[in-house]
Structures are given as structure tokens and as C-alpha cells.
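The lines below spell out each chain.
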Amino acid sequence: MNSLADQLLVLCLLLNFAVLGTSRLAFSVRAVALQGVILGVLPAIVHPFSWHLALIVVSIILAKGAVIPLLIIRAIKKAEIEREFEPFIGYIPSLVLGALFTSLAFIFAAKLPLSPEHEGLLVVPASIATLMCGFLVLMGRRKAISQVIGYLLMENGIFIFGLLLADAMPVMVEAGALLDLLVGVFVMGIVINHISREFSSIDTSRLSALREE
Amino acid sequence: MMWAIVLFPLLGAVIAWLVPDNRRRSFVLPVFAVAHLAMTAALLTKTPAASPAGWILLDPLGKLTLIGNSILFTVCAFYAVGYLNYRRRRQNRVLCAALLVCLSAMTLVSISQHLGLLWIALEATTLTMAPLIYFNHNARSIEATWKYLLICSVGIAIALLGLFFLAYSTIVAKQDVTLLLPTLISNAAHLHPGWRHAAFIFLLVGFGSKMGLAPLHTWKPDAYGEAPGLVGALLAGGLVNCALLALLRVYQIAVASSEGALFQQVLLVMGLISMAFAAVFMARQSDFKRMLAYSSVEHIGIITVALGLGKGALFAGLLHMINNSLTKGVLFLACGNIHRAYNSKSTQHVRGALRRTPWSGALFLAAFLAITGSPPFAPFVSEFLIVSSAFVQQNYWTGGLFLTFLALIFIGMASTVLPVVLGEIPADIDRSPYRDTIHTVLPPLVLMGLVLMLGLWIPAPLQEILHQAAGMLGGDA
């Protein structure tokens, strides 16, 4: 079972690079959503079945795989932006830095011991590497939507770690954290909407001001 | 009763949302604020025992935060009625509802003993503040909101990872996994050191960015500068204390483990760095609301230094937490009035506030003197205690740097505040309808009275709570 989980975690790591290397926003959102679905499936593979676990699996897949991506895709459509332009950190440097961070994450993880039942899992390096890649996207991109994608990548990294605690954390905490994330992305979506409206409305308001004179 | 105090403001938020009339809606705020204050008083006199699972308990540290927030919110609620009267055309439905939701979340922060629950409440305060900062709906405020939302969300996400690390350190140490504070404190010494260490670092960075410890403070000047005065007051006096309480919970665990000394060392350095940043950026600040943000960074630094010093300084640090939040309330509300009266917050245009708005000008001046640590106001007492405790510990470097930064900050802040309050009113500025009225002056005046009172006399019950709280952090009880 653990080897399957490890393969999925490696897939998560590869998806990080997909986000780092692309300028197309819709593609990044899909990559992050796919990562979210993998995150939802992982606890089901690693831990034995329980209703508590089933609830977590369903809610993570729903939130990260469906609701949040839809919110962002809608924001992208409304703002009529398809691509990231002139990022602060270019795509090739992003990929190189991402690779560097991923290897550093493996070194960092080697210093921290896992409890016996999690031995051999790549959870910790995958979690830290995803967090760092998310941070890289957040810092390196210019568009607000790209920054939200970076934030989601970071959150995914944190949820990967949550995998180790999936059967130990109270449901309320997990649900609360997920709800906060949802509301957070929702608020960010509204703000993005206002940003695009503000910057197109500046022109029209100027036009009316001239007319009055 | 414990749940009532959290749920009651939410009821207020729903009512505020449903009231159709833009002018009458603001009256919901003081009604619920006063009720919240009364419930706080009731909880303080007769504190209920912990909830069955141990998640909810009002301990002395929580009491301090709750008192400060409840008083500050009540004052801001009364002020809001007067303020919104001046901004009748602006839709205030979201503002009123979000303020009350934020009050509920702040209350939950102060009573939760489960770190997961505390995290959720803290994140909720972050999110509810976003629409409040965006109240003015212009390009500048949206930029500030975006910066605030992103940096604080990232910070708080990092803190969540820190909490996960902490929980995992209990698994590695072969204990039942938990994030309940009392259990964590009693087992702190047996947690796995590597994971515990990593957890402390992540939690410090996460909560530090929410508190605005330098160099994680970059969102503060924008958010404080663009938010309306009363929102600024709640950010600088209320939310900061909530994040600080979260850090104090981590501090409790750190002190109980073997890493207390190291953790304190880190806090000491970060506190001094924050003060240094504030001293540098305070000088020649041309926007007096942004200047207040740096003052907030400074005072967070002061409190962090006190935590870093430990022992006797803890009492003073906790006292400063209350003093800072009350004084910041006066500063932001007075600033909001002056901003309104001049329609500008640039020191080029705003001069001679003492003539145009005598009360607000005088309050701004008095609060400036108070916050920079002049006697007989309350911050003087707490800052003096912190410095003297540094020297008692023979930590001369800290004491010396602390005093130097305070002096620099005094000069920097005075060079902005004095012209604003005292100078000549420029001839070419616009007229504005705002004049001081009882609604917008009395609330900060009451707060100023409290700041003065705490400087001269600390009531015995408050003193007792402060001592108990300092004892919880490992200080001299």
C-alpha cells in the first residue's frame, strides 16, 4: 500500500513542476486541482477505513478538486486573463529553484524521524517541497490569480502533511481548516473581481469627469 | 455562558445584515457590544469550569485578551455610530456584519484551549477583516486588502503546518495525539525534540507575520493606512492581541519544554529587530496613519522583548499588551477624525489640527505622548518595568538598545505628530463638513481616560489576573 502512496506523492511533486513551468493559468488551476484530488485519495490508501476518514476524503476531494478550482476558473473568465505576463522569476529559473527546493526538502526531511507506521513514506519531503514551490509561485508571479494558485499549492503542501494525522485529528479541526480555506479563496476571488473592475472602471470614471467640465 | 458569548455577536451580525436601513443599522453595533462587555464582566467575576472535552476554558491569559478586546470593541462600536453618520452614502451592511463576526472570532480565540480551534478562530478574524479594510472601495484600499489577505493567509498557513508538526511530535513520542494545550504543556518535555523544534520555528513565523513582527510586517503600513480609523483601531489593538495570545500559547509549551531559553533568545532578537525597523521607518513619514502602523510594529517588538526577557518582565509585557491596545484605539480614532476633517492624511496638507478639530487634535497629542512612554500614562509604567527588568537581569545590551530605540522613535514620531497637531492651517485646503461631535470624540476620550487611569492605578482584580497570567508563562507570580 505504501508504495502506491509514494507513487502518488511523486506525482504531486511532478505537478508542482507543471505549475512552476507554465504561463497558462487554467492549466495551473487544473494541476492544483488534480493535486487536491490525489490528496483526498491518499488518506484512504494509507489508513484503514473509518467513517471519520470517509468524511475527510469526500470533503477534501469536493473542496480542493471541485469547488475551489471552479471559483478560480470563474475569476479567470471574469477578469479575462489567460496567461501570466512577465513574471518576476522566469519559468526556467522557477523550475531550477523548484528542483533545488525539492532536494533541500529531502535533506530537511531526513533529519526528522517518522513514527514506525509511517516509515518509508515520502510525506514529509513532498509536503515541504510543495510548500516551497507554492511559495515560489506566490513570490515570483505578477498576476493576482497566479498568487492565489501559489497559495493553494502551499495549502496542498500542508494538507499532505496532514495525511500523517488524518486518523488522529478531530473532525472539527479538519472541517474548520477546510472551511477557512474555502472562505479564504472565496474572499480572494471577490477581491480579484474588484481589482479587475477597479482598473477598468478607472478609465470610464475619467471619461465622465471630463464631460462634466 | 461560554458558548453564548461567542454565538451572541453572530446573532448580532445576522440582525445587522437583515436591517434594511443604512442609517439605523449602525445602532446594532453598540447594543451588542455593550451586551458583550456585560457578559465579559460576568465571566470574569464567575469563571465557569472547563468544558467536558477541555476545549473551552477562560484562563488568565485569555481573560486579559478578552478584557482588552471587549473594551476596545465597545468603544469602537459607539464611535462607529458617529462615523457612519458621516458616511451615510456608503453601504455599511458588510462593515457592521463583519465587525460583529470578527468580535465573535476574537472571543473564540481568547477562550479556546485547543490549538486547532484557536487556529480556526484566528484565521476567521483574518478573513473578516478583509472586507473592513476594503471599506473605502478605491484602488489604494484594494491594494492594501490584497497585500494583507495574502501575507496573513500565508503566515497563518505556515502556523497550521507548525501545529501539525507539534501534533506529530506527540505521535513520534508514542503519546496520544492531541492539540489540547494543558496536555501539550504537561508533556512538553517528552515531545520529540526535532519535531518540536521545527514546530516552534513555523509557529513563530506564522503567528509573527499575523502580529506584524519585523521583517514580516510589510502588510501593516498599507492596511493600517487605508482602513477606516475604527478598523485600524481594531486591527492594531484587537487582532494583534489575538495573534499575540496564540504566540503566548506556544510560549507556554516552549517554557515547559527544555527549549524555553532558546525560544526566549529568538523572541528577544526579533523584538529588538522590530523596534529597530520601527525607529528607522518612523522618521520622516509623510502619512500619519502609516506612521501608526510602524508604531504598532514597535510595540509588538516591545512586548516580544518582554517575553524574551522572561521572569519579571512578563508581568510588564502583559500589562503593555493591554496598554498598547487601549492607546492604539485612541490614536486611530483621533486620526480617523483628523483624516475626515482634512480629507487627507498627508502631513503636507494636515496641519494645525488643534484649531480645526480641537478635541481630536488634543486627543491625538495626548495619545502620542502616552504611546511614546511619557508619564503619567499607562505605557510609561509597563515600558519602565520592562527596561528595569532588563537591567536587573544584567542584560545591559538589551536595556541600552531598548532605550535608544525608544528615544529615536519618540523623535521620529514627534516630527510627524507635532506639525499635524500644532502647525498653521494651510490656506489652500478644502473645506470639509466634519467637525468634532460628541459621537466621535467621547469614545476615544473614554479610552484616553482609561489609559491615564492605568498609568496611575491598576485595579486589584486586574493586577491579580496579570500576576496569574505571568505565572502561567513561567514568570514570578
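Residues numbered from 1 in each chain as written. Chains lettered and ligands numbered in written order. Predicted model: local features only at pLDDT ≥ 70, side-chain atom pairs only at ≥ 80, totals over all residues.

(A) Structural view of the overall build of chain A. Helix and strand content of chain A: 7 helices and 0 strands. Start at the N end of chain A and walk to the C end: the helices and strands fall as α-α-α-α-α-α-α. The principal-axis extent of the C-alpha atoms belonging to chain A is close to 75 × 40 × 25 Å. Going through the 213 residues of chain A one by one, you find that 42% of them count as buried. When contacts within chain A are restricted to residue pairs at least 6 apart in sequence, long-range pairs at least 24 apart make up 78% of them. (Helix = DSSP H or I, 4+ residues; strand = E, 2+ residues; numbered from the N terminus. Buried ≥ 20, exposed ≤ 12 C-beta atoms within 10 Å, placed from the backbone. Contact = placed C-beta atoms within 7 Å.)

(B) The arrangement of the interface of chain B and chain A in detail. Tallying the contact residues gives 27 residues for chain B and 31 residues for chain A. Residues of the side of chain B that touches chain A, tallied by class, amount to 22 nonpolar, 4 polar and 1 charged. (Nonpolar A, V, L, I, M, F, W, Y, C, P; charged D, E, K, R; others polar.)

(C) The confidence of the model for chain A, seen in detail. Of all residues in chain A, 92% attain a pLDDT of 70 or more, and the chain-wide mean is 82. Taken as a whole, residues 201–213 of chain A scores under 50 in pLDDT and shows 1 contact with residues more than four places along the chain or in a different chain. (pLDDT = per-residue confidence, 0-100.)

(D) Geometry of the packing of helix 1 (residues 2–18) of chain B against helix 4 (residues 93–111) of chain B. Residues and elements named next belong to chain B. Between helix 1 and helix 4, the shortest axis-to-axis distance is 8 Å and the interhelical angle comes to 170°. Classified by the interaxial angle, the pair formed by helix 1 and helix 4 is roughly antiparallel. Along the contact surface, helix 1 presents Met2, Ile5, Val6, Pro9, Leu10, Gly12, Ala13, Ala16 and Trp17, while helix 4 presents Arg93, Cys96, Ala97, Leu100, Val101, Leu103, Ser104, Thr107, Leu108 and Ile111. Classifying every residue of the contact of helix 1 with helix 4 gives 15 nonpolar, 3 polar and 1 charged. (Axes fitted to C-alpha atoms, helices over the stretch in contact; angles between N-to-C directions. Parallel < 35°, antiparallel > 145°, perpendicular 65-115°, else oblique.)

(E) Local environment of unusual backbone geometry. Residue and element names in this part refer to chain B. Here the amide bond leading from alanine 214 into proline 215 is cis, since omega sits at 0°, within 30 degrees of zero. One can find proline 215 in the loop between helix 8 (193–211) and helix 9 (219–226). Across the junction of proline 375 and proline 376, the peptide omega takes the value 5°, indicating a cis bond. Mapped onto the elements of the fold, proline 376 is located in the loop between helix 15 (358–371) and helix 16 (378–392). In this model, histidine 137 sits at a positive phi of 50°, which is unusual for a non-glycine residue. Overall, the presence of 12 C-beta atoms within 10 Å leaves histidine 137 in the exposed class. In this structure, asparagine 343 is a non-glycine residue whose phi angle is positive, near 55°.

(F) The environment of A:Glu119, seen in detail. Residues and elements named next belong to chain A. Position of glutamate 119 relative to the elements: it lies in the loop between helix 4 (91–111) and helix 5 (123–140). The exposed category is assigned to glutamate 119, around which 9 C-beta atoms lie within 10 Å. Distance in space between the C-alpha atoms of glutamate 119 and asparagine 2 is 9.1 Å, their sequence separation being 117 residues.

(G) Expanded view of the confidence of the model for chain B. Taken as a whole, chain B shows an average pLDDT of 90; of its residues, 100% reach a score of 70 or greater. Scoring of the predicted complex yields 0.92 for pTM and 0.89 for ipTM.

(H) The arrangement of the packing of helix 10 (residues 229–256) of chain B against helix 12 (residues 288–309) of chain B in detail. All names here are of chain B. Two elements in contact, helix 10 and helix 12, have axes whose closest approach is 11 Å; the angle formed by their N-to-C orientations is 20°. Taken together, the axes of helix 10 and helix 12 lie roughly parallel to each other. Remark: the crossing between helix 10 and helix 12 carries right-handed chirality. Seen from helix 10, the contacting residues are Gly232, Ala236, Val240, Leu244 and Tyr251; seen from helix 12, they are Lys289, Leu292, Ser296, Ile300, Ile303 and Leu307. Looking at side-chain class alone, the contact of helix 10 with helix 12 contains 8 nonpolar, 2 polar and 1 charged residues. (Left-handed = near helix turned anticlockwise from the far one by under 90°.)

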